[in-house]
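One-letter residues, chain by chain:
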Amino acid sequence: MDYVQPIKLIKQLVIVGEKKASLSVRDMLLRGFLSGVLLGFATALAFRVSDGFTGGAAALVMGVIFPVGFVMIVLLGLELVTGSFALLPMSVADGKISGREMLRNWCWVFLGNLLGSLFFGGLLALALTGTSPAPSGRLAEKIIAVAQAKTLAYQHAGSIGWLAALINGILCNWMVTLGVVLGLISTSTIGKIIAPWLPIMTFFALGFEHCVVNMFVIPTAILLGADISVYQWWFWNQIPVTLGNLIGGSIFTGMLLYTTYGRMNKHVRL
């Protein structure tokens, strides 16, 4: 059977976190870059295929489609900072890596994700604008509308909006990191595709906030002419959402799972 029992699964996750912490800066940047690009592709695809749908139907279509990017990341063993927010704290708690090694991974992978997201967003903005200085098409309109909802709407609500972005980030990465965990719950390719799909679909359909997705959506909208400043992008979205993703991944997935299964791993063989 290709199903991995939870006790053995957590032991594997600790080892994976240890390996991620030992990666070279080059590999963290390259793998982070590719992850940012793939999530950009997946987000754009989800926006595109949901065109014509409204309400819950649109949310469901986008939720079903978006995980294609995440699955590619899992199958290729790439680096996504939101996943590292859960895995590396487990390795620290197990004594396999230091807090400094954990922060090293988070910082370089975050940068790689950002560079990849900006790179793909820039190319997509050029593709959507063509030779015209003004963007056209439903996809461009969708990206701008979503980016405005992710920044200007929070700003309009003031401090409550900033807190809402933080909480949306927590709820998002609670699900995303479960996707990372479930990516190792099976040793078969089909299992690694289907299992992560469930929580990833859930977060995207519910419209929660993912910091790497937003690294693509908001700056791309700015390039397409959205009236959003870099300050509004970072203060009203990127910072609170990243902090929320960190809390959701490290505490509600990483530490809760490690607390209930981690201590039982000392005598478990893989």
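Cut-offs applied
Residues numbered from 1 in each chain as written. Predicted model: local features only at pLDDT ≥ 70, side-chain atom pairs only at ≥ 80, totals over all residues. Heavy atoms only, no water. Axes fitted to C-alpha atoms, helices over the stretch in contact; angles between N-to-C directions. Helix = DSSP H or I, 4+ residues; strand = E, 2+ residues; numbered from the N terminus. Parallel < 35°, antiparallel > 145°, perpendicular 65-115°, else oblique. Left-handed = near helix turned anticlockwise from the far one by under 90°. Contact = heavy atoms within 4.5 Å. Core = buried A, V, L, I, M, F, W, Y, C linked by side-chain atoms within 4.5 Å. Buried < 20%, exposed > 50% of the residue type's maximum accessible area, 1.4 Å probe, protein only. UniProt positions renumbered as here; feature names shortened; annotations may be inferred. Phe/Tyr/Trp six-rings, centres within 6.5 Å; stacked < 30°, edge-to-face > 60°. Patch = residues over 30% accessible without salt bridge, like charges linked within 9 Å, V, L, I, M, F, W, Y side chains within 5 Å. Areas by Shrake-Rupley, 256 points an atom, 1.4 Å probe, with all protein chains shown as cover. Salt bridge = Lys/Arg side-chain N within 4 Å of Asp/Glu carboxyl O.

## Re the packing of helix 5 (residues 81-93) against helix 11 (residues 230-261)
Their axes nearest at 8 Å, the elements helix 5 and helix 11 cross at an angle of 45°. Taken together, helix 5 and helix 11 sit at an angle that is classed as oblique. The two elements helix 5 and helix 11 cross, and the hand of that crossing is right-handed. Contact residues: helix 5 offers T82, F85, A86, P89, M90 and A93, while helix 11 offers T242, N245, L246, G249, S250, T253, G254, M255, L257 and Y258.

## A few points about the nonpolar core
Within the largest apolar cluster, 69 residues are counted, with the highest numbers of intra-cluster contacts made by F47, F66, I143, F203 and V217. Once residues lying within four places of it in the same chain are set aside, the contact partners of F47 are M62, L139, K142, I143, V146, F204 and V217.

## What about the environment of G122?
With respect to the helices and strands, G122 occurs in helix 6 (residues 99-129). For G122, a relative accessible area of 18% gives the class buried. For the pair G122 and M90, spaced 32 residues apart in sequence, the C-alpha to C-alpha distance is 36 Å.

## Remarks on the UniProt feature "transmembrane region" (unreviewed entry) in the protein
UniProt annotation of "transmembrane region" (unreviewed entry) refers to residues 28-47, 59-88, 108-128, 160-185, 197-222 and 242-261 when read in the numbering used here. When the span residues 242-261 is considered, its composition is 100% helix and 0% strand, and the gap between its end C-alpha atoms is 27 Å.

## Digging into the packing of aromatic side chains
Within a pair of aromatic rings, the relevant descriptors are the distance that separates the centres and the angle that separates the planes. Using the criterion set out here, one finds 13 aromatic pairs in the structure. Measuring from centroid to centroid gives 4.2 Å for F41 and F120, while their planes differ by 40°, and the two rings are tilted. Of this pair, F41 sits in helix 2 (residues 25-49) while F120 sits in helix 6, and the two are 79 residues apart along the sequence. Residue F41 is classed as partly exposed on the basis of its relative accessible area, which comes to 46%. An angle of 90° between the planes, with centres 5.1 Å apart, marks the rings of F85 and W106 as edge-to-face. Here F85 is found in helix 5, whereas its partner W106 is found in helix 6, with 21 residues between them in sequence. Comparing F85 with W106, the two get one shared label, buried.

## What about the environment of S24?
Within the element layout of this structure, S24 appears in the loop between helix 1 (6-21) and helix 2. In the structure, S24 is positioned 81 residues away from N105 in sequence and 9.3 Å away in space, judged by C-alpha atoms.

## Digging into the packing of helix 1 against helix 11
Remark: helix 1 packs on helix 11, axes separated minimally by 10 Å, with the N-to-C direction vectors making an angle of 125°. Judged by the inter-axis angle, helix 1 sits oblique to helix 11. The hand of the helix 1/helix 11 crossing is left-handed. Every residue of helix 11 that contacts helix 1 at P6, I7, I10 and V14 is listed here: L257, Y258 and Y261.

## Some details on a nonpolar patch on the surface
Residues I160, L163, I167, L171, W174 and L256 make up a contiguous nonpolar surface patch of roughly 520 Å² in combined accessible area. Top contributing element to the nonpolar patch by residue count: helix 8 (residues 159-182), with five residues. Relative to the assigned elements, I160 resides in helix 8. A residue is classified by how much of its surface remains accessible, and I160, at 58% relative accessible area, is exposed.

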